[in-house]
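# Chain and residue survey
Chain residues, written in single-letter form:
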Amino acid sequence: MSGSPTRKHMALPKARTLIEALPWLTRHNGKTVVIKFGGNAMVDEELKAAFAQDVVFLHHAGLKPVVVHGGGPQISAQLDRHGLVSEFRAGLRVTSDEAMEVVRMVLAGQVQRELVGLLNQHGPLAVGITGEDAHTISAVRHRPLLDGEPVDIGRVGEVTAIDIGAVTALLEDGRIPVVSSIARAEDDGHVYNVNADTAAAALAAALGAETLMVLTDVEGLYEDWPHSDEVISRLTATELEKLLPDLSSGMVPKMEGCLHAVRNGVTTARVIDGRVPHSILLEIFTDDGVGTMVVPDEPLTTAKGAS
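As a starting point, this report considers the structure included with it. (Residues numbered from 1 in each chain as written. Predicted model: local features only at pLDDT ≥ 70, side-chain atom pairs only at ≥ 80, totals over all residues. Heavy atoms only, no water.)

## Concerning the overall build of the chain
What counts, and what does not: A run of DSSP states H or I qualifies as a helix once it reaches four residues; a run of E qualifies as a strand once it reaches two. Both are numbered from the N-terminal end. When we talk radius of gyration, it's over C-alpha atoms, and the globule rule is simply 2.2 Å times the number of residues to the 0.38. Think of it in three bands: residues with accessible area under 20% of the maximum for their type are buried, residues over 50% are exposed, and the middle band is partly exposed, with areas taken using a 1.4 Å probe on protein chains only. By definition in these notes, contact holds between two residues if any of their heavy atoms fall within 4.5 Å.
Across its full length, the chain carries ten helices and 18 strands. For 307 residues, the compact-globule estimate of 2.2 N^0.38 gives 19 Å, and the chain sits close to it at 20 Å. Each of the three principal axes of the chain carries a C-alpha extent, and together these read 75 × 55 × 40 Å. Looking at the chain residue by residue over its 307 residues, the buried ones come to 46%. Pairs at least 24 residues apart make up 71% of the contacts formed inside the chain by residues separated by at least 6 positions.

## Some thoughts on the packing of helix 4 (residues 72–81) against helix 5 (residues 97–119)
Selection criterion: Interaxial angles span 0 to 180 degrees and are taken between N-to-C directions of axes, which are lines fitted to C-alpha atoms, for helices over the stretch in contact. The labels follow the angle: roughly parallel below 35 degrees, roughly antiparallel above 145, roughly perpendicular from 65 to 115, and oblique for the rest. The crossing is said to be left-handed when, going from far helix to near helix, the turn is anticlockwise and less than a right angle, and right-handed when the turn is clockwise.
Relative to each other, helix 4 and helix 5 sit at 130°, their axes nearing to 9 Å. The pairing of helix 4 with helix 5 is recorded here as oblique in orientation. The handedness of the crossing between helix 4 and helix 5 comes out as right-handed. Residue-level inspection shows Gln74, Ile75, Gln78 and Leu79 of helix 4 in contact with helix 5, the latter providing Ala99, Val102, Val103, Met105, Val106, Leu107, Gln110 and Val111.

## Quick look at the sheet that holds strand 1 (residues 32–37)
We apply this condition: Strand pairing is assigned whenever DSSP detects at least two bridges linking the two strands.
Spatially, 5-10-2-1-13-17-18-16 is the arrangement adopted by the eight strands of the open sheet, whose pairing is mixed. Both outer strands of the open sheet, strand 5 (126–130) and strand 16 (234–236), are each paired with one neighbouring strand and no more. Strand after strand, the sheet turns through a mean of 20° between neighbouring axes, direction not considered. Note: strand 2 (residues 64–69) against strand 10 (residues 176–180), three bridges, orientation parallel. When the sheet's bridge partners are listed, Val67 is paired in strand 10 with Val178. On the sheet, helix 5 packs against strand 1, strand 2, strand 5 and strand 10 and is oriented at approximately 165° with respect to strand 5.

## A short note on the environment of His142
To keep things clear, this is the line we draw: Polar contact criterion, stated in full: a pair of N or O atoms within 3.5 Å, where within protein one must be able to donate a hydrogen and the other to accept it, and residues adjacent in sequence count only if both atoms are side-chain atoms.
As for its position among the elements, His142 is in the loop between strand 6 (137–141) and strand 7 (145–146). Apart from the residues within four sequence positions on either side, His142 is in contact with Leu92, Val151, Ile153, Val156, Gly157 and Glu158. Side chain to side chain, His142 and Glu158 meet in a polar contact 3.1 Å long.

## Some remarks on the nonpolar core
This is how it is decided: Put simply, buried Ala, Val, Leu, Ile, Met, Phe, Trp, Tyr and Cys residues joined by side-chain atoms within 4.5 Å make one nonpolar core.
In terms of nonpolar packing, the biggest core is built from 44 residues, with Ile35, Phe51, Leu119 and Phe285 touching the most fellow members. Where this core is concerned, the elements lending two or more residues are helix 2 (12–28), strand 1, helix 3 (45–60), helix 4, helix 5, strand 10, strand 13 (211–216) and helix 10 (279–285). For this core, the element with the highest residue contribution is helix 5, accounting for eleven residues. Of all hydrophobic cores here, the second largest spans 40 residues; its members include Leu170, Ala200, Leu212 and Val214.

## Focus: the side chain of Arg93
Inclusion rule: The sign given to each residue is positive for Lys and Arg and negative for Asp and Glu; His and the chain ends receive no count. We define a salt bridge as a contact between a side-chain nitrogen of Lys or Arg and a carboxyl oxygen of Asp or Glu at a distance within 4 Å.
Within the secondary structure, Arg93 sits in strand 4 (residues 92–93). The buried charged residue Arg93 lacks any salt bridge, with Asp80 as its nearest oppositely charged partner at 7.8 Å. Here the side chain of Arg93 touches Ser76 through a polar contact of 3.1 Å, side chain to side chain. At 3.1 Å, the side chain of Arg93 forms a polar contact with the side chain of Ser86.

## A look at unusual backbone geometry
One non-glycine residue, Ala134, adopts positive backbone phi at about 50°. Along the polypeptide, Ala134 turns up in the loop between strand 5 and strand 6. According to the relative accessible area criterion, Ala134 is exposed, its value standing at 51%. For Asp147, which is not a glycine, the phi torsion comes out positive at approximately 55°. Structurally, the position occupied by Asp147 is in the loop between strand 7 and strand 8 (149–150). The class for Asp147 is exposed, based on a relative accessible area of 79%.

## Structural notes on the pattern of salt bridges
Taken as a whole and assessed by the stated rule, the structure comprises 15 salt bridges. Residues Arg104 and Glu132 are paired through a salt bridge, measuring 2.6 Å at the closest nitrogen-oxygen approach. Here the residue Arg104 occupies a position in helix 5, and Glu132 occupies one in the loop between strand 5 and strand 6, the gap between them amounting to 28 residues. Residue classification places Arg104 among the partly exposed residues on the basis of a relative accessible area of 29%. Asp173 is the partner of Arg175 in a salt bridge, and the nearest nitrogen-oxygen pair spans 3.1 Å. A single network of salt bridges, built from pairs that share partners, joins Lys36, Asp197 and Lys254.

Distances and angles like these do not, on their own, reveal function.
Given below as structure tokens:
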């Protein structure tokens, strides 16, 4: 008989970890999960590799992952190289026609390509598309309010429609869609730069996803920042709505996206700490989540005696 009892015993924690995942594997099997890739996870090589492993793991575990990405740091770097100034108004990048060409090139030609390559190290899985492809994301010009007045920030889009045809076809073919947050203009034949958090939330709702996961560079939504670093682990849509006016500008599109998702058919939306390697697996398959989960409001209870 080979192998010592001690060595076999040392492998037990691995078995326990796998067994702990069993209820989640059962619950999520066949379900669509939309993951917004961003923050440190986009620029740190180890985190990028761990992210790709997580997404491929979800795929092989029977889930249907869809990845949506932006590329803020990469866009800023490329605009600098082109001598174009990065200006932000109302928390959004002012995007001239010239800057839009750079945005399109960086998102579809650099960030997406790298992510598709990382995923495809594990097999012929990932296919990159942009919101322009097959009318996946349509948008009109977004004019945010600044001091109560609408301002023109160029080719920044507000999502008006999602066509899930191409994404669904890829999922049914056993692929992992990787979607760049560029939208076709509904009205003037151009393209728009769309906030990737917003795009991910709109796509999750349109797909009827089980979960929207948004990677960030913080632990989650803080209870009373900056006075406390206690993270709110779970809150309802209405509870989140009350907190929105007091959130930092960077968290607003993420949390608005979560709110939109759970109010439009997505079962849970989560903001998770992308600085933690394998945070996606920890959030989906263990008891120890690493972020804030938003859930729909409880349905109103039926009248007494109603079935």
